[in-house]
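# A look at the structure
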Amino acid sequence: MNNLFKKCFAALSATAMTAASVPYIAPVMAADTETTSFPFTIEGEDMEGATLWTDIYGVAIGGEYSGEGFTYLTNDKLSFKVTVPEDDMYQVVVKGAQILDKETPRQQTIVVNGVKYTKQVPYYDKWTDIDFGTLRLKKGENEIAFVNEYGYLAIDKLTVSKAVFPDVTQATNIPCDADATAETKALMSYLHSVYGKGILSGQQEIYGGGHSVLTDIRYDAGSDKCVDGKGKEYEIDRDSEAVDKDGNKFYWHCSDDVRTYTYDEQNRSYKYDYYDQEFDFIKDLCGSYPAIRGFDFMNYNPLYGWDDGTTERVIDWVKNKNGIATACWHINLPVDFENYELGEAVDWSKCSYKNNSQYSIANAVKKGTKENDYLNLAIEDLAEQFLILQENNIPILFRPFHEAEGNGGLDGKGAWFWWSQDGAEDYKALWKYLYEQLTDIYGLHNLIWEQNLYAWSDDSAGWYAGDDYVDIVGFDKYDTVYNRHDGLTSGPNEDCNSNVYWSLVDYVKNNKMAAIMENSTIPSLSNIKTEKASWLYFCTWYDNGQDNFVSGDDYNNPETMKELLTSDYAINLEDLPEDLYTSGGSSNPSTSEPDKTTSSGGGGIEVTLWGDANCDDKVTIADATAIIQHLGNGDEYALSEQGAVNADVVDNGDGVTGADANAIQAIEAGFIKQTDFPIEKAYFDSLMKNN
Ligand code: CA
């Protein structure tokens with residue numbers, strides 16, 4: 001429990017002196033007089049290191065400045081300090097201007113306790129409120145500074161406020177595809193039911209040949225048997241007989257009831273493709289498998305295409321394990337596209353998903369072009385696999401054309417992949433084309449559409465394909481070095497990128513859920529709580545030998561991973577409801593959404609406003625006081641019948657208790673929102689425990 005929360009209790013107990021026996025009330029604490037009161041405003045010219053300006057070399061800024069004038073960020077660091085009672089999120093808004101560069105936004109750098117955060121600020125010749133987003137401040141004194149890297153920012157004044165976040169459960173639970181299958185709707189409904197309340201754990205699998213594991217199984221010609229070092233015998237596939245270069249007979253395949261093994265000529269023993277290495281690692285460490293398994297459909301393609309078993313593994317994960325599947329699509333182009341003949345096989349080494357100047361994205365969506373013909377072939381190969389999933393009643397979270405913005409900008413110059421190389425407008429046309437092909441032409445209605453976005457600048461929203469084509473937006477978190485509040489420059493970055501989260505929520509007007517669709521370091525439980533970022537899920541990339549994103553302690557601290565995955569906040573494979581794909585968990589009381597609209601059952605009186613115990617049409621600390629007075633001295637301070645119905649917010653139906661008062665106070669402390677009412681006690685307690 002944090003100090004801010006204790007202060008609320010202190011304020012409460014001062015006004016509730018008549019309460020006789022009050023549960024859960026902490027001792028009275030002296031108010032901390034040293035903390036800054038928010039919103040906090042400081043004139044730019046009053047910052048440490050500031051000089052007073054009234055124009056910029058003879059050029060006046062449009063509009064009125066406040067105070068004596070403003071300050072102009074040229075060389076010296078400008079700073080000020082605020083003191084906060086607890087680690088928490090704050091919003092910094094600068095009333096500023098940027099008149100140096102009309103053409104391109106200038107990168108501005110704000111430094112919080114030595115950690116730099118950047119923002120692109122366009123040309124403003126009038127005083128404009130520039131939102132630097134939600135920044136994390138630490139308990140105690142914090143230095144907020146502006147430094148001039150590429151900046152030249154005029155600052156009239158700035159305001160720091162406690163961050164206020166929207167209720168993310170307002171995001172839709174309806175797939176954008178109006179004809180979505182029943183299973184797809186059920187999955188979407190389940191995802192929505194946990195969004196804002198927990199985080200689904202996820203893990204990307206290795207694709208292609210998997211992790212190759214060499215065994216000590218050998219073919220013994222003398223006994224004509226396949227045996228391992230412990231003497232276990234394996235069944236030989238007699239049809240796979242072959243002869244090596246020395247004339248020795250062997251068999252390509254042998255098997256046991258777990259898997260099939262393939263002969264390795266170099267080592268003269270058998271090996272197998274291991275796709276579960278990361279999953280078994282997580283299970284061994286945390287005791288559970290992740291809820292989501294990430295796949296990649298890149299190998300079903302018109303060039304070097306082969307069946308690497310991905311579709312089969314999706315079916316196994318969803319049907320047999322009751323897990324959730326997500327998939328990306330690293331679809332390749334032939335590098336020499338100009339000389340490529342449609343339908344021709346191309347060696348994988350001559351194919352790439354990188355930018356390709358021979359391929360025009362505008363042409364890709366235009367009938368009759370070679371680009372369009374190739375794209376259609378690629379979509380056909382993908383659709384064939386998705387149709388198999390649909391026939392098996394399997395929905396999948398599909399994340400095509402991912403990480404489009406790349407290093408930033410709308411023109412595609414920052415692109416890492418061919419699909420976004422020609423800029424945001426062509427990219428969005430390509431996205432819509434794929435959407436229409438898969439849904440309208442191939443009749444695929446088992447897809448939940450996921451789009452990756454970034455938040456480099458306000459322009460980043462320009463990549464969003466739109467509400468009609470996207471169900472969930474996401475961010476790929478590979479941030480080991482940059483933008484970390486702990487100030488370290490190496491090792492796992494356990495931040496949960498709250499600033500990005502709230503930017504994404506803003507881009508989609510809080511209408512879509514947001515997830516970490518790929519990551520290196522998993523955010524820590526405490527950072528998730530402090531930064532108040534309600535990512536729907538995370539999905540750690542696989543170990544590739546070079547970068548061991550899951551098992552490498554340069555990417556993930558095992559203890560941090562374990563703490564999150566074993567917490568009540570994480571939803572793992574075993575936590576998914578049995579009816580996930582039939583009714584989206586709604587027949588399981590532990591995951592169902594409480595009914596927030598109907599009566600509490602208190603004598604047929606309808607709730608007018610959850611938490612409004614004193615019936616003044618608002619929910620404040622006074623309602624908690626009214627409840628405590630009612631409990632302490634019901635003769636004198638009894639709640640009205642309506643008030644008692646409104647007040648029963650925790651474990652609704654159990655009558656008015658001290659827990660109801662506590663929950664109302666928790667709103668003031670920022671732990672929950674009025675819209676969370678009614679709330680289950682177990683869930684409320686878990687929130688309190690984690691604060
Ligand atoms: Ca000023």
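Structural data are supplied above this passage.
The following refers to the structure shown. Note that the coordinates shown come from a computational prediction; the quantities given were computed from them, not determined experimentally. (Residues numbered from 1 in each chain as written. Predicted model: local features only at pLDDT ≥ 70, side-chain atom pairs only at ≥ 80, totals over all residues. Heavy atoms only, no water.)

### Details of the environment of cysteine 615
As a reminder, the rule being used: A helix here means a DSSP run of H or I that spans at least four residues, while a strand means a run of E at least two residues long, and both kinds are numbered starting from the N terminus. Residue contacts are defined here by distance: any two heavy atoms, one from each residue, within 4.5 Å place the two residues in contact.
Structurally, cysteine 615 is set in the loop between β29 (570-571) and α11 (621-632). Between the alpha carbons of cysteine 615 and valine 121 there is a distance of 46 Å; along the sequence they are 494 residues apart. Setting aside residues no more than four positions away along its own chain, cysteine 615 makes contact with Ser640, Gln642, Gly643 and Asn646.

### What about the pairing of strand β19 (residues 260-264)?
Counted only if it meets this: Strand pairing is defined by DSSP finding a minimum of two bridges between the two strands.
Sheet topology note: the strand β18 (residues 253-255)/β19 ladder contains 3 bridges and is antiparallel. When the sheet's bridge partners are listed, histidine 253 is paired in β19 with threonine 262. Between β18 and β19, which pair antiparallel one after the other, the connecting turn spans 4 residues. Strand direction decides the pairing type here: β19 and strand β20 (residues 269-274), joined by 3 bridges, are antiparallel. Bridged to aspartate 264 within β20 is serine 269. Linking two consecutive strands that pair antiparallel, namely β19 and β20, is a turn of 4 residues; a positive phi of about 55° is found at arginine 268 within it.

### Notes on the coordination of the calcium ion
When four donors bind a metal tetrahedrally, each ideal donor-metal-donor angle is 109.5 degrees, and when six bind octahedrally, the ideal angles are 90 or 180 degrees. Quick reminder of the rule: Nitrogen, oxygen and sulfur within 2.8 Å of a metal are treated as its donors, or within 3.2 Å for sodium, potassium and calcium (Na, K, Ca); water is not counted, so a site can appear incomplete. Buried means the residue's accessible area, taken with a 1.4 Å probe over protein chains only, is under 20% of the maximum for its type, while exposed means over 50%, and partly exposed covers the values in between.
Those donors, Glu43 (OE), Glu45 (OE), Glu45 (OE), Ser66 (O), Gly69 (O), Asp156 (O) and Asp156 (OD), are the protein atoms that reach the calcium ion, and they lie 2.2 to 2.9 Å from it. Mapped onto the polypeptide sequence, the residues donating to the calcium ion form the spacing pattern E-x1-E-x20-S-x2-G-x86-D. Remark: aspartate 156 occurs in strand β9 (residues 154-162) and glutamate 43 occurs in strand β1 (residues 40-43); sequence separation between them is 113 residues. Of the two residues, glutamate 43 and aspartate 156, both sit in the buried class.

### Examining unusual backbone geometry
In the segment running from phenylalanine 38 into proline 39, the intervening peptide bond is cis, with an omega of 0°. Inspection of the secondary structure assignment puts proline 39 in the loop between α1 (3-15) and β1. A cis amide bond links phenylalanine 677 with the next residue in sequence, proline 678, at an omega value of -10°. Unusually for a residue other than glycine, asparagine 113 sits at a positive phi of about 50°. Summarising the element assignment, asparagine 113 is placed in the loop between β5 (106-112) and β6 (115-121). One non-glycine residue, asparagine 322, adopts positive backbone phi at about 60°.

### Describing the sheet that holds β5
Quick reminder of the rule: Note on method: axes are straight lines fitted to C-alpha atoms, helices fitted across the in-contact stretch only, with angles between N-to-C directions ranging 0 to 180 degrees.
Strand order in the open sheet formed by 4 strands is β3-β8-β5-β6, with antiparallel pairing between adjacent strands. Edge positions in the sheet fall to β3 (78-84) and β6, since each of these pairs with one other strand and no more. Along the sheet, successive strands turn relative to each other by an average axial angle of 25°, direction set aside. In terms of strand pairing, β3 meets strand β8 (residues 140-147) through 7 bridges, oriented antiparallel. Looking at β8, one finds that phenylalanine 80 is bridged to isoleucine 144.

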